[in-house]
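A closer look at the structure
So the chains spell out like this:
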Amino acid sequence: MKKYASLKSIASYIPSRCVKNSDFEAVLDTTDEWIRKRTGIQTRYFASDDENSSDLGTKAAKLAIERAGLAVGDIDLVIVATLSPDYLGMPSTACLLSAKLGIRNKPAFDISTACSGFIYLLSLAKSFIESGTYENILIVGAEKVSSILDFKDRSTCVLFGDGAGAAVITSTTEQDKSILDVHISSDGTYYDYLFTPRTLKGSGFLQERFSPQYLQMKGNETFKLAVKTLTNDVENIMKKNNIASKDIDFFIPHQANLRIISAVGEQLKFSSEQVVITVEKYGNTSAASIPMAMNDIYESGRLKAGDLMLLDAFGGGLTWGSALVYFGA
Ligand code: UT7
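As a starting point, this report considers the structure included with it. (Residues numbered from 1 in each chain as written. Predicted model: local features only at pLDDT ≥ 70, side-chain atom pairs only at ≥ 80, totals over all residues. Heavy atoms only, no water.)

1. Re the nonpolar core
Core analysis: the biggest nonpolar cluster contains 41 residues, and Ile248, Phe270 and Leu310 have the highest contact counts within it. Within the residue set of this core, elements represented by two or more residues are helix H7 (219-240), helix H8 (258-267), strand E14 (308-315) and strand E15 (319-326). The dominant element in this core, judged by the number of residues it contributes, is H7, at eight residues. Residue contributions to this core reach at least three from each of two domains, namely domain 1 (4-175) and domain 2 (179-326). For isoleucine 248, the contacting residues outside a window of four places in its chain are Met238, Ile243, Phe270, Gln274, Leu308, Leu310 and Leu324. If you look at the next biggest cluster of nonpolar residues, it comprises 35 residues, including Leu7, Ile119, Val276 and Val325. (Core = buried A, V, L, I, M, F, W, Y, C linked by side-chain atoms within 4.5 Å. Buried < 20%, exposed > 50% of the residue type's maximum accessible area, 1.4 Å probe, protein only. Helix = DSSP H or I, 4+ residues; strand = E, 2+ residues; numbered from the N terminus. Domains from an automatic or database assignment. Contact = heavy atoms within 4.5 Å.)

In structure tokens:
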């Protein structure tokens, strides 16, 4: 019998420190009004000094495993998407998170696809399950973006927040409980639209130190490309699967900017009930933004088993993607 991949559970973790727009007014040339008007963001949450992405991810992952009705020992593979790993290079955040969960002797690795992380995770999990390689996969978007923000740059530091979202993807024979389709893509020629320069460069005895590797973004250019690319991508995946806007229960876009979400949502004719918006509360939490938004509608009781979700994301790389997912709980 054909195997399908099912998104069995969803969970998130939000760190406790709430940062309001007005908190930036004291240290930057900015206003609550500008941030709300241009982005929709009102608050975001920052992790504490001793909390890293693996800690945030572990808390979300524990709950996701529990909600899937599984034990940590049932997990065959752990994949983490993050642009703010605990360590630069190695070890991976997935290895650290696995250790914190008590998962040993199982494969674990990170992917680096910035804000499109969760869509790429779904694509990987779907392939591993449909090929019969694994039965239960833990996917996690975990971000301490605050650790790579330049708090002197008003054009970026007000936009992002920390948090984590996790899901368990399991094997099923029922297509109407499965991840129907995932599309992912990238274009590295736009690498400097959103990037974090390396701190160290050089070889041998010549090692030059650069300023800390803060996130940099060409905001306006990224904004325009995001609206165009996401609209096309979402139209294509719906057409390919013969699905119309009215068939979608929830449109869950990456939460970068309310104006991007509204522009894409309007062009695709989604109603306000269909579009899930959390950017006002959490800001842009990169790879964690889609699973955090999904968890919000799950915990509020809106998301039910069998509901069809349309996801889309766009981020550094540049990377982007979309997915059609039945909630398999
Ligand atoms: O998650 C990955 C994908 N990310 C995105 O897709 C984000 C895309 N970009 C955006 O969301 C928006 O471009 C921003 C929110 C980053 C910026 O909004 P914008 O409407 O594109 O503004 P802008 O960059 O064109 O800047 C307009 C003005 C500038 O001032 P001048 O040059 O006109 O005097 C900026 O310096 O707004 C200024 N500005 C600010 N003013 C007050 C930029 N940031 C701030 C700020 N407070 N925080």
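2. So, the pairing of strand E6 (residues 136-143)
Here E6 lies mainly inside the structure; eight of its eight residues are buried. With burial as the criterion, each face of E6 is covered, one bearing Asn136, Leu138, Val140 and Ala142 and the other bearing Ile137, Ile139, Gly141 and Glu143. In the sheet, strand E4 (residues 77-81) pairs with E6 via five bridges, with the strands oriented parallel. The partner of leucine 77 across the bridge, within E6, is isoleucine 137. Relative to strand E7 (residues 163-172), E6 runs antiparallel, the two sharing eight bridges. Bridge pairing in E7 places glycine 141 opposite glycine 165. (Pairing = 2+ DSSP bridges.)

3. Focus: unusual backbone geometry
Omega for the peptide link from methionine 90 to proline 91 comes to -5°, which places this bond in the cis form. Structurally, proline 91 can be placed in the loop between E4 and helix H4 (93-101). At alanine 114, a residue that is not glycine, the phi angle is positive and equals roughly 50°. Checked against the element boundaries, alanine 114 lands in the loop between strand E5 (108-111) and helix H5 (117-130). A positive phi is found at lysine 269, a non-glycine position, where the angle reads about 60°. Topologically, lysine 269 is positioned in the loop between H8 and helix H9 (279-282).

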